[in-house]
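The residues making up each chain are set out below.
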Amino acid sequence: MSIVDNKKAFHDYFIEERYEAGLVLEGWEVKSIRAGRVQLKEAYVTLMGAEPFVVGMHISPLAAASTHVHADPTRSRKLLLNAEEIRKLIGKVEQRGYTLVPLDLHYNKGRVKLAVGLAKGKKQHDKRETEKERDWQREQQRLMRRRV
């Protein structure tokens, strides 16, 4: 079950591989995510040392949060991946043009997971081509509905 999608990632990048990562979260963050108060639009994944972190993911604290917890909505959160997957990602990201992008936040067996995509940036003409293809598919669907 998806919580939030990063639609901008599919517009700006070609997604070549997908990985599912766990997140190191605090209690108030899990409650806020379950309430749907999370944004991935400006988020990105970076490798600090040999560990992946998601930076810029905004989780708004709930009003009923504890008074002794000082919530930081945009703190860097560590991603949990297998050591083999991390090594593979480090090798790919060091190649020219590859980046790691958060794609969506979802539940898997009751746990909050982040889908991370190994992506290559789109040029402006690629974005236009994708948009034209999407419009053409929509037009084809309209034509087929009229005939039936």
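For the structure itself, consult the block above.
Residues numbered from 1 in each chain as written. Predicted model: local features only at pLDDT ≥ 70, side-chain atom pairs only at ≥ 80, totals over all residues. Heavy atoms only, no water.

Novice: It is not clear to me how the nonpolar core should be interpreted in this structure. Could you clarify?
Specialist: When a protein is soluble and globular, its nonpolar side chains tend to lie buried together. Among the nonpolar cores identified, the biggest contains 25 residues, and Leu23, Val54, Met57, Leu79, Leu105 and Leu114 are the most heavily contacted of them. At the level of secondary structure, the elements contributing two or more residues to this core comprise β2 (13-23), α2 (27-34), α3 (83-94), β8 (98-108) and β9 (111-121). Contact partners of Val54, with chain neighbours within four places excluded, come to Leu23, Ala43, Tyr44, Val45, Arg75, Ser76, Arg77, Leu79, Pro102 and Leu114. (Core = buried A, V, L, I, M, F, W, Y, C linked by side-chain atoms within 4.5 Å. Buried < 20%, exposed > 50% of the residue type's maximum accessible area, 1.4 Å probe, protein only. Helix = DSSP H or I, 4+ residues; strand = E, 2+ residues; numbered from the N terminus. Contact = heavy atoms within 4.5 Å.)

Novice: What is the right way to look at the packing of aromatic side chains in this model?
Specialist: Aromatic ring pairs are described here by two measures, namely the spacing of the ring centres and the angle between the planes. Taken as a whole and judged by the stated rule, the model has 0 aromatic pairs. A cation over an aromatic ring shows up here: Lys120 above the ring of Tyr98, its NZ or CZ 4.4 Å from the ring centre. (Phe/Tyr/Trp six-rings, centres within 6.5 Å; stacked < 30°, edge-to-face > 60°. Lys NZ or Arg CZ within 6 Å of the ring centre and 35° of its normal.)

Novice: What is the right way to read the pattern of salt bridges from this model?
Specialist: Think of it this way: side chains of opposite charge can pair up when their charged atoms draw near. Evaluated as defined, the whole model comprises 9 salt bridges. Of the charged contacts, one joins Glu26 and Arg75 as a salt bridge, the two residues approaching to 3.9 Å between their closest N and O atoms. Placement of the pair is Glu26 in the loop between β2 and α2 and Arg75 in the loop between β6 (58-59) and β7 (77-80), with a sequence separation of 49 residues. Glu139 serves as the salt-bridge partner of Arg142, at 3.0 Å between the closest nitrogen and oxygen. Here Arg142 and its partner Glu139 are both found in helix α4 (residues 124-147), 3 residues apart, which amounts to about one turn of the helix. The exposure class of Arg142 is partly exposed, given its relative accessible area of 37%. In this structure, a network of salt bridges that share partners links the residues Glu26, Glu29, Arg75 and Arg77. (Salt bridge = Lys/Arg side-chain N within 4 Å of Asp/Glu carboxyl O.)

Novice: Before we go on, may I ask you to explain the side chain of Glu29 in this structure?
Specialist: Of note, Glu29 is situated in helix α2. Residue classification places Glu29 among the buried positions, given a relative accessible area of 0%. Contact partners of Glu29, with chain neighbours within four places excluded, come to Val24, Ile59, Arg75 and Arg77.

Novice: Help me understand the environment of His125 in this model?
Specialist: Inspection of the secondary structure puts His125 in helix α4. Taking the C-alpha atoms as reference points, His125 and Leu89, 36 residues apart in sequence, are found 27 Å from one another.

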